[in-house]
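Observations on the three-dimensional arrangement
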Amino acid sequence: AQTVTQSQPEMSVQEAETVTLSCTYDTSENNYYLFWYKQPPSRQMILVIRQEAYKQQNATENRFSVNFQKAAKSFSLKISDSQLGDTAMYFCAFMKGLNYGGSQGNLIFGKGTKLSVKP
Amino acid sequence: DAGVTQSPTHLIKTRGQHVTLRCSPISGHKSVSWYQQVLGQGPQFIFQYYEKEERGRGNFPDRFSARQFPNYSSELNVNALLLGDSALYLCASSLKFGWYADGPYNEQFFGPGTRLTVL
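Presented here is a report on the structure given in the accompanying data block. (Residues numbered from 1 in each chain as written. Chains lettered and ligands numbered in written order. Predicted model: local features only at pLDDT ≥ 70, side-chain atom pairs only at ≥ 80, totals over all residues. Heavy atoms only, no water.)

1. A few points about the pattern of salt bridges
Residues and elements named next belong to chain A. Our working rule: Salt bridges are defined as contacts in which a side-chain nitrogen from Lys or Arg sits within 4 Å of a carboxyl oxygen from Asp or Glu. Here's how the labels work: a residue is buried when its accessible area is under 20% of the maximum for its type, exposed when over 50%, partly exposed in between, all with a 1.4 Å probe on protein chains only.
Overall, the coordinates contain 12 salt bridges over all chains when judged by the stated rule. Two residues, R50 and E52, come together in a salt bridge whose shortest N-O distance is 3.2 Å. Since its relative accessible area comes to 15%, R50 is described here as buried. Take E52: its relative accessible area is 8%, and that puts it in the buried class. A salt bridge links K55 to E52; the shortest N-O distance between them is 3.8 Å. Look at the salt bridges and you will find they share partners, linking R50, E52 and K55 into a network.

What follows is the structure, given as structure tokens:
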């Protein structure tokens, strides 16, 4: 069974600074997908960034980037130039892929990291 | 375009009662998944439906059931409610499932959730 571990229950960062959230996962699969989701206090879960395991290049989306270390089973999220609107719970999630492409569909989440951005 | 919608927003029930939660996916999305998020935890997968068939089930008791309708909307039913069923229930939709769910096709878009309180 796959597991996702987020070892930082809470973190804080000053506005405009950079913060890195950690995530490790355990799987015996070779094909899978990794995601970071953001859940603001209003609770709607929003996708921040995704990474396909078969891609060696780390994904980036504007101020958000990941450090994907497949051998170490590590998938950290870096937020640059932090903004007050980044305050939220951040969840790392795993999706199992299928051997010949595609995916199984259900997400396995970590327990989350509560990020507070301070002015 | 409208996002994933869920109803009701909040619900209060007593132990032993039955509850039905509803979800409408994004137009064109054929897969719907249900997750339970207990306070302070990451979401846990309950069910996934695609083309009106159950495609995945998480580790939940038989008191939990679901179905998907021809218009791809979905219902989650919980019988004989327990105090421990109190949680935020999230619905997510995605375009595809299985072999065709690669790249952006497996991205899950979440609704705002239904907050269920069992007294």
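After presenting the structure, the write-up continues.
2. Looking at the state of the cysteines
All names here are of chain A. The criterion, for reference: Cysteine sulfurs are considered disulfide-paired once they come within 2.5 Å of each other. Only DSSP runs of H or I covering at least 4 residues are called helices, and only runs of E covering at least 2 are called strands; the numbering of each starts at the N terminus.
Under the criterion given, the structure shown has 2 disulfides over all chains. Linked covalently through their sulfurs, C23 and C92 form a disulfide whose S-S length is 2.0 Å. Its S-S torsion of about -70° marks the bond between C23 and C92 as left-handed, since a negative value means left-handed. With a gap of 69 residues between them, C23 in the loop between β3 (19-21) and β4 (24-26) and C92 in strand β10 (residues 88-97) connect regions that are remote in the sequence.

Honestly, that's just the spatial picture; any functional story needs more than this.
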